[in-house]
Amino acid sequence: MTKKDPQEIISEFRQHVNLSNKELEDWLKTEKSQEVGWNPEGGESKGHQSGRYICELLPKKDSDFTDEDLQHMTHVNAYCKRHLAQRPNNVEDSKWRYSLMNW
């Protein structure tokens, strides 16, 4: 398997994550954000955890990203592609939208 270029990963990530850091932080504090997602053990969902990590990534310069950061960005990119392919007709107040915003 060919390793993807880090700059491609970062560029794709920045296209998918279209909220500012502040907007995402504010969103993650809402009930709607915390009502969606899945965690087999209960508690905070995987998507919500991802959103918190994304808030750490957004202010970083490209040159400051670690391998772990790039791995998470790759995970976010894959999730967004899969999720966007399942877009429902009415997204405005849907769990689909809320889940995507968490990621």
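Higher on the page you've got the structure.
As a convention, each chain's residues are numbered from 1 in the sequence order in which they are written. Reporting in this predicted model follows two pLDDT cut-offs: at least 70 for local features of residues, and 80 or more for side-chain atom pairs to be given and counted; totals over whole chains, interfaces and linings ignore these cut-offs and use all residues. Computation of side-chain values: all heavy atoms of the structure, hydrogens and water removed.

A. Representation of the overall build of the chain. Only DSSP runs of H or I reaching four residues or more are called helices, and only runs of E reaching two or more are called strands; each is numbered from the N terminus. Scanning the chain from terminus to terminus reveals six helices and zero strands. Across the chain, helices and strands are ordered from the amino to the carboxyl terminus as α-α-α-α-α-α. The quantity called the radius of gyration is restricted to C-alpha atoms. Its globule counterpart is 2.2 Å times the number of residues to the power 0.38. On C-alpha atoms alone, the chain measures out to a radius of gyration of 14 Å, which is about the 13 Å that the 2.2 N^0.38 rule sets for 103 residues. Taken over the C-alpha atoms alone, the chain extends approximately 35 × 30 × 25 Å along its principal axes. Exposure classes here rest on a 1.4 Å probe applied to the protein chains alone. A residue is buried below 20% of its type maximum, exposed above 50%, and partly exposed in between. The burial tally for the chain puts 39% of its 103 residues in the buried class. Exposure was quantified through the Shrake-Rupley algorithm and a 1.4 Å probe, taking into account, for residues, occlusion by the shown protein chains and nothing else. Of the accessible surface of the chain, which amounts to about 6,900 Å², a share of 49% is contributed by carbon and sulfur atoms. Of note, the chain has its 15 positive side-chain charges centred 3 Å away from the centre of its 18 negative side-chain charges. Positive charges come from Lys and Arg alone, negative charges from Asp and Glu alone, with His and the N- and C-terminal ends not counted. Lysine's charge is taken at NZ, arginine's at CZ, aspartate's at CG and glutamate's at CD.

B. Up close: the packing of helix 4 (residues 46–57) against helix 5 (residues 67–84). Packing of helix 4 against helix 5 leaves a shortest axis separation of 11 Å and a crossing angle of 125°. Taken together, the axis directions place helix 4 and helix 5 in an arrangement best described as oblique. Relative to helix 5, the crossing made by helix 4 is left-handed. Of the residues in helix 5, those in contact with Ser50, Tyr53, Ile54 and Leu57 of helix 4 are Glu68, Asp69, His72, Met73 and Val76. Nonpolar residues are Ala, Val, Leu, Ile, Met, Phe, Trp, Tyr, Cys and Pro. Charged residues are Asp, Glu, Lys and Arg, and all others, Gly as well, are polar. Class assignment of the residues belonging to the contact of helix 4 with helix 5 gives a composition of five nonpolar, two polar and two charged. Between N-to-C directions, angles span 0 to 180 degrees; the directions come from axes that are lines fitted to C-alpha atoms, helices contributing only their stretch in contact. For classification, angles of less than 35 degrees are called roughly parallel, those exceeding 145 degrees roughly antiparallel, those between 65 and 115 degrees roughly perpendicular, and all remaining angles oblique. Should the near helix be turned anticlockwise from the far one by less than a right angle, the crossing is left-handed, and should it be turned clockwise, the crossing is right-handed. The contact rule is simple, with two residues in contact once any of their heavy atoms fall within 4.5 Å.

C. Geometry of the environment of Ser20. Mapped onto the secondary structure, Ser20 falls in the loop between helix 1 (6–16) and helix 2 (21–28). For the pair Ser20 and Cys55, spaced 35 residues apart in the sequence, the C-alpha separation amounts to 8.7 Å.

D. Broad picture of the side chain of His83. Here His83 is to be found in helix 5. Sequence-distant contacts of His83, defined by excluding residues within four places in its chain, comprise Trp96, Ser99 and Leu100.

E. Main features of the packing of aromatic side chains. Centres within 6.5 Å make a pair out of two Phe, Tyr or Trp rings, where for Trp the six-membered ring is used; the pair is then stacked when the planes are under 30 degrees apart, edge-to-face when over 60, and tilted otherwise. Tallying each qualifying case throughout the model produces two aromatic pairs. Each ring, one from Trp27 and one from Tyr98, has its centre 5.4 Å from the other, and the planes form 40°; the classification is tilted. Placement of the pair is Trp27 in helix 2 and Tyr98 in helix 6 (residues 95–102), with a sequence separation of 71 residues. Tyr98 gets classed as buried once you look at its relative accessible area, which sits at 7%. With a centroid separation of 4.3 Å and an interplanar angle of 15°, the aromatic rings of Tyr79 and Trp103 are classed as stacked. Here the residue Tyr79 occupies a position in helix 5, and Trp103 occupies one in the segment after helix 6, the gap between them amounting to 24 residues.

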